[in-house]
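Coordinate analysis (summary)
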Amino acid sequence: MVRRIDVTGADGVRLAAWEFADPPKRGEERGREETERATGVLLLHGLMGRASHWAATARWLSERHRAIALDQRGHGRSDKPPEGPFTREAYVADAEAAIEQLGLAPVTLIGHSMGALTAWQLAARRPDLVRALVICDMRASALGAASQREWTDWFRAWPVPFATLADVRKWFGEDDPWVERPTPARGEFFAEVMAESADGWRPVFSRRQMLTSRETWVHDAHWEELAQVQCPTLVVRGLDGELGRAEAHEMVRVLPRGQYAEVTEAGHLAHYDQPEAWRAAIEPFLDGALTP
């Protein structure tokens, strides 16, 4: 069963939250009262992602927790206000609103890339809401203006509209000149963020809005907020991801209660690319952090 729950974010933006697991079957020992006591988990996708990218993770988490994935503003089925705002403050406020409206606190936040930044900024600002944190492949250092220009050029290179979903999978998985080697999972990842229109397949998000969102955080370092996170935190990197090992270990050192894990045979999309290895990397941490 998939269930959508509407949430009202900052500035009245309508956000779509999703549960991907079936409810407990009748006759199981876990009844309504235990379900209500289950610890909350909020999953935050990265830039250009959507809640469905967390479906596999949410399903195994739901065996023991109430796991909800959020389409962040500008993404998925959530509102895409023409003029935003797409600031860090807006994204953090949206996540805070989701936690409170869904009754997830104290929550475990699991974030990928930009979603991980949102997660640790919220954990730093509202420690009362956050019980544990998982950061997947997000750097704390500034990426800089050159990185933003590269993304602008990359977006311009997309051969939109795509004639078929097979073309989407092939371009992002094999033909994209910004990719070093073929990555089928990357093609599948981007196929999930496309919608069919009259002339072909186009992204469900605005590339202009994605650049606007990215502009608000790539020029700054985020070490100070990372150091303010007081809850147990796991820093996870794909072995071939964007977060280097040295920086990941420095993030762990800066965090008051930091731990480290890596997913081999994975890149930036570790949770999506290697779901079983991803589970093996984070489940021991969650078992320890969420045990009373």
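See the structure shown above.
Anyway, here's the lowdown on the structure attached to this text. It should be emphasised that the depicted structure is a prediction, and the values quoted were computed from it without experimental measurement.

1. Let's talk about the overall build of the chain
Scanning the chain from N- to C-terminus turns up 12 helices and 10 strands. Here the C-alpha atoms of the chain give a radius of gyration of 18 Å, agreeing with the 19 Å that 2.2 N^0.38 yields for 292 residues. In terms of its C-alpha atoms, the chain occupies a principal-axis envelope of roughly 50 × 45 × 40 Å. Residues classed as buried in the chain amount to 52% of the 292 residues present. For the chain, the share of sequence-separated contacts (at least 6 apart) that also reach a separation of at least 24 residues comes to 71%. Here the chain has roughly 13000 Å² of accessible surface; of this, 48% comes from carbon and sulfur atoms.

2. Focus on empty space enclosed by the protein
Taken as a whole and judged by the stated rule, the model has 1 cavity of 30 Å³ or more. The wall of the largest cavity is formed by Trp60, Leu61, Glu63, Arg64, His65, Arg279, Glu283, Leu286 and Asp287. Those elements that place two or more of their residues in the lining of the largest cavity are helix H2 (55–61) and helix H12 (275–289). Broken down by element, the residue count for the lining of the largest cavity peaks at 4 residues, all from H12. The class makeup of the residues in the lining of the largest cavity is 3 nonpolar, 1 polar and 5 charged.

3. Considering the pattern of salt bridges
By the definition in use, this model includes 22 salt bridges. Here Arg64 makes a salt bridge to Asp287, at a shortest N to O gap of 2.8 Å. Pair noted here: Arg64 is in the loop between H2 and strand E4 (66–71) and Asp287 is in helix H12, with a separation of 223 residues, a long-range link. Two residues, Asp199 and Arg202, come together in a salt bridge whose shortest N-O distance is 2.6 Å.

4. Overview of the packing of helix H6 (residues 165–175) against helix H7 (residues 184–191)
Where H6 meets H7, the closest approach of the two axes is 7 Å, and the angle between their N-to-C directions is 135 degrees. Taken together, H6 and H7 sit at an angle that is classed as oblique. For the pair H6 and H7, the sense of crossing is right-handed. Of H7, the residues touching H6 (which contributes Leu165, Val168, Arg169, Phe172 and Gly173) are Pro184, Arg186, Gly187, Glu188, Phe190 and Ala191.

5. Quick word on helix H10 (residues 245–254)
Burial in H10 covers these residues: Glu247, Ala248, Met251 and Val252. The buried residues of H10 occupy an angular sector of 145 degrees when the element is viewed end-on, so they sit on one face. Across H10 from its buried face, at more than 90 degrees, point the exposed residues Ala246 and Arg253. Those residues of H10 that are buried lie in contact with helix H4 (114–125), strand E6 (130–136), helix H9 (223–227), strand E9 (233–238) and strand E10 (258–263).

6. Observations concerning the environment of Ser197
Tracing the backbone through its elements, the reader meets Ser197 in strand E7 (residues 194–197). Along the backbone, Ser197 and His268 are 71 residues apart, and their C-alpha atoms lie at a distance of 29 Å. Separated by 2.9 Å, the side chains of Ser197 and Asp199 make a polar contact.

7. Considerations on the layout of surface pockets
Considered as a void within the structure, the largest pocket measures approximately 1200 Å³ in volume. As for the largest pocket, its lining consists of 36 residues, of which Trp178, Arg186, Asp240, Glu242 and His268 are closest to the centre. Contributing elements (two or more residues each) for the lining of the largest pocket: helix H5 (145–157) and H7. Residue contributions to the lining of the largest pocket peak at 5 residues, all from H7. Among the residues forming the lining of the largest pocket, the class breakdown is 16 nonpolar, 9 polar and 11 charged.

8. Structural notes on the pairing of E4
Of all 6 residues in E4, 5 are buried; the element is thus mostly enclosed. Sheet topology note: the strand E3 (residues 40–44)/E4 ladder contains 5 bridges and is parallel. When the bridges of E4 are listed, Gly40 appears paired with Arg66.

Reading the values: rules and limits
Residues numbered from 1 in each chain as written. Predicted model: local features only at pLDDT ≥ 70, side-chain atom pairs only at ≥ 80, totals over all residues. Heavy atoms only, no water. Helix = DSSP H or I, 4+ residues; strand = E, 2+ residues; numbered from the N terminus. Rg over C-alpha atoms; globule rule 2.2 N^0.38 Å. Buried < 20%, exposed > 50% of the residue type's maximum accessible area, 1.4 Å probe, protein only. Contact = heavy atoms within 4.5 Å. Areas by Shrake-Rupley, 256 points an atom, 1.4 Å probe, with all protein chains shown as cover. 1 Å grid on protein atoms, 1.4 Å probe; cavity = no way out; pocket = protein on both sides within 12 Å on 5 of 7 lines; lining within 4 Å. Points joined across faces, edges and corners; volume = space filled by probe spheres on them. Nonpolar A, V, L, I, M, F, W, Y, C, P; charged D, E, K, R; others polar. Salt bridge = Lys/Arg side-chain N within 4 Å of Asp/Glu carboxyl O. Axes fitted to C-alpha atoms, helices over the stretch in contact; angles between N-to-C directions. Parallel < 35°, antiparallel > 145°, perpendicular 65-115°, else oblique. Left-handed = near helix turned anticlockwise from the far one by under 90°. Arc of directions from axis to C-beta. Polar contact = N/O pair within 3.5 Å; in protein donor to acceptor, adjacent residues only side chain to side chain. Pairing = 2+ DSSP bridges.

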